[in-house]
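Spelled out from the first residue to the last, the chains are:
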Amino acid sequence: MVVTGAAGLLGSHLCRRLVAGGAEVVGVDDLSTSDGTNLADLRSDPRFGFVRADVTSGIPVDGPVDLVLHFASPASPPDYLRLPLETLRVGSAGTWHALDLAADRGARLVLASTSEVYGDPLEHPQTESYWGNVNPVGPRSVYDEAKRFAEALTAAYRRQRGADTAIVRIFNTYGPGLRPGDGRVVSNFLSAALTGKPLTIYGTGEQTRSLCYVDDLVAGVLAVAASNLAGPVNLGNPAELTVAELAETVLAVTGSSSPIEHLPLPVDDPARRRPDITFATTELGWAPVVEVRDGLARTARWMAEQSTLRPARRG
Ligand code: UDP
């Protein structure tokens, strides 16, 4: 099995779960937005191999492959805004290489797509049949359109080459393994709360997100991988909360007395987001089980142990 983006939050958890299940896994990552520490515990496992490579130039993995989980891409808004061309290239050329690898070896491929394909959604909650509301020339489009292109490419490979593919649309996910202060809201809020720095709410804080704990999300990805569904399949936790409510919850869970500071809302920031997961629940019997307070407490405990803990930075 091959996992691209292996050093990221989701990639590292996927590698760990697959290896624990007895699989031989090759993790591929260029370490552009992660330093590889998420994989430290796996590096000595004989069933795990790591290849440092940029998937936009090819995926240097030999031998038989039965599953490709294509998760390589910057995912945090500050990262993809800092790496706009790289993000477009990984969604396009990187996905092309991943699909070629899967099609050539007869492997199934699962593409990590995103709720960002729905943009600033006009339908709520979002079902898989909604086509989205994306500004194609706004700053976020480098991520949104890269993932939309990756979906189109995956669908075309399936149609034209008969490739065995699936698309999962992943909603906001958090958990141990998040880079502290990576720019995403859970990481920023937790690292700020743990270091006594202000929690930075962008805009009024009335915008909503639906946050899924990483173990739940990984179970959903593996269920899709083991099925014959093509998707797209929404994966996320439908429990929706405002960013202001999230800030209060983080303060309560960590016992922090950090102040709250308001900063301007980023351009094209979606006003609300909540997955309709009826399809995944009906087809796979999958649904998240970890409540946000519990998931945040687990993530806070993990983050507090990290030596790399550093203050939140502005997205
Ligand atoms: N956000 C915030 N403070 C932060 C980081 C993010 O208020 O320090 C907001 C952001 O404007 C957005 C939401 O939290 O409305 C989720 O942002 P994130 O970057 O985690 O993910 P997105 O869903 O926007 O890709």
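A quick note: this is a predicted structure, and the numbers were derived from the prediction, not measured.

## Considerations on the pattern of salt bridges
All chains considered together, the criterion is met by 16 salt bridges. The salt bridge partner of Arg82 is Asp79, with a shortest N-O separation of 3.1 Å. Of this pair, Arg82 and Asp79 both sit in helix 2 (residues 77-82), three residues apart, which is roughly one turn of that helix. Assessed through its relative accessible area of 48%, Arg82 is described here as partly exposed. Take Asp79: its relative accessible area is 2%, and that puts it in the buried class.

## Section: the site of the ligand
In the vicinity of the ligand lie 18 residues, with Val185, Thr200, Arg209, Asp269 and Arg273 positioned nearest. In the model, an oxygen atom of the ligand is placed 2.9 Å from a nitrogen or oxygen of the Arg140 side chain. Here an oxygen atom of the ligand sits 2.8 Å away from a polar atom, N or O, in the side chain of Asn172. The fraction of the free accessible surface of the ligand (510 Å²) that becomes covered by protein chains is 95%. Broken down by secondary-structure element, the contributors of at least two residues to the shell around the ligand are helix 5 (185-195) and strand 8 (199-202). Of the residues that constitute the shell around the ligand, the class distribution is seven nonpolar, five polar and six charged.

## Looking at the sheet that holds strand 1 (residues 2-4)
Taken together, seven strands build an open sheet; the order of strands is 3-2-1-4-5-6-11 and the sheet is parallel. On the outer flanks of this sheet lie strand 3 (48-52) and strand 11 (233-235), each paired with one strand and no other. Put simply, the sheet's adjacent strands are angled 20° from each other on average, direction ignored. With four bridges connecting them, strand 4 (residues 67-70) and strand 5 (residues 108-114) associate as parallel partners. Bridge pairing links Leu67 to Arg108 in strand 5. Across the sheet, helix 3 (residues 84-105) lies against strand 1, strand 4, strand 5 and strand 6 (165-170), angled at about 175° from strand 4, the strand it touches most.

## Things to note about the packing of helix 1 (residues 9-20) against helix 6 (residues 214-226)
Relative orientation of the contacting elements helix 1 and helix 6 amounts to 65°, with a least axis distance of 10 Å. Put simply, helix 1 runs roughly perpendicular to helix 6. For the element pair helix 1 and helix 6, the recorded crossing hand is right-handed. Packed against helix 1, whose contacting residues are Leu9, Leu10, His13, Leu14, Arg17 and Leu18, the element helix 6 presents Val214, Asp215, Leu217, Val218, Ala219, Val221 and Leu222 at the interface. By residue class, the composition of the contact of helix 1 with helix 6 is 10 nonpolar, one polar and two charged.

## Details of empty space enclosed by the protein
Following the criterion strictly, the structure yields one cavity of 30 Å³ or more and no others. Considering the residues around the largest cavity, the lining is formed by Val185, Arg209, Leu211, Leu241, Thr242, Val243 and Leu246. Those elements that place two or more of their residues in the lining of the largest cavity are strand 12 (240-242) and helix 7 (243-254). Classifying every residue of the lining of the largest cavity by side-chain character gives five nonpolar, one polar and one charged.

## What about the state of the cysteines?
In total, this model carries zero disulfides according to the counting rule given. With no disulfide of its own, Cys15 lies 18 Å from the sulfur of Cys212, the closest cysteine sulfur. Residue Cys15 is classed as buried on the basis of its relative accessible area, which comes to 0%. A residue is classified by how much of its surface remains accessible, and Cys212, at 0% relative accessible area, is buried.

## Re the packing of aromatic side chains
Summed over the entire model, instances satisfying the criterion amount to five aromatic pairs. Centre to centre, the rings of Tyr118 and Tyr130 are 5.9 Å apart; their planes meet at 20°, and the pair counts as stacked. A residue pair is termed long-range when its members are at least 10 positions apart, and Tyr118 in the loop between strand 5 and helix 4 (141-161) and Tyr130 in the loop between strand 5 and helix 4 qualify at 12 residues. A residue is classified by how much of its surface remains accessible, and Tyr118, at 1% relative accessible area, is buried. The exposure class assigned to Tyr130 is buried, which follows from its relative accessible area of 9%. Here the aromatic cluster, defined as three or more aromatic residues joined through ring pairs, consists of Tyr118, Tyr130 and Phe171.

## What to know about the pairing of strand 4
Neither face of strand 4 is open: one carries Leu67 and Leu69, the other Val68 and His70, and all of them are buried. Where strand 1 lies against strand 4, three bridges are found, and the strand directions are parallel. Each residue of the ladder has a partner; that of Thr4, found in strand 4, is His70.

Rules used throughout
- Residues numbered from 1 in each chain as written.
- Predicted model: local features only at pLDDT ≥ 70, side-chain atom pairs only at ≥ 80, totals over all residues.
- Heavy atoms only, no water.
- Salt bridge = Lys/Arg side-chain N within 4 Å of Asp/Glu carboxyl O.
- Helix = DSSP H or I, 4+ residues; strand = E, 2+ residues; numbered from the N terminus.
- Buried < 20%, exposed > 50% of the residue type's maximum accessible area, 1.4 Å probe, protein only.
- Near = heavy atom within 4 Å.
- Polar contact = N/O pair within 3.5 Å; in protein donor to acceptor, adjacent residues only side chain to side chain.
- Areas by Shrake-Rupley, 256 points an atom, 1.4 Å probe, with all protein chains shown as cover.
- Nonpolar A, V, L, I, M, F, W, Y, C, P; charged D, E, K, R; others polar.
- Pairing = 2+ DSSP bridges.
- Axes fitted to C-alpha atoms, helices over the stretch in contact; angles between N-to-C directions.
- Contact = heavy atoms within 4.5 Å.
- Parallel < 35°, antiparallel > 145°, perpendicular 65-115°, else oblique.
- Left-handed = near helix turned anticlockwise from the far one by under 90°.
- 1 Å grid on protein atoms, 1.4 Å probe; cavity = no way out; pocket = protein on both sides within 12 Å on 5 of 7 lines; lining within 4 Å.
- Points joined across faces, edges and corners; volume = space filled by probe spheres on them.
- Disulfide = S-S within 2.5 Å.
- Phe/Tyr/Trp six-rings, centres within 6.5 Å; stacked < 30°, edge-to-face > 60°.

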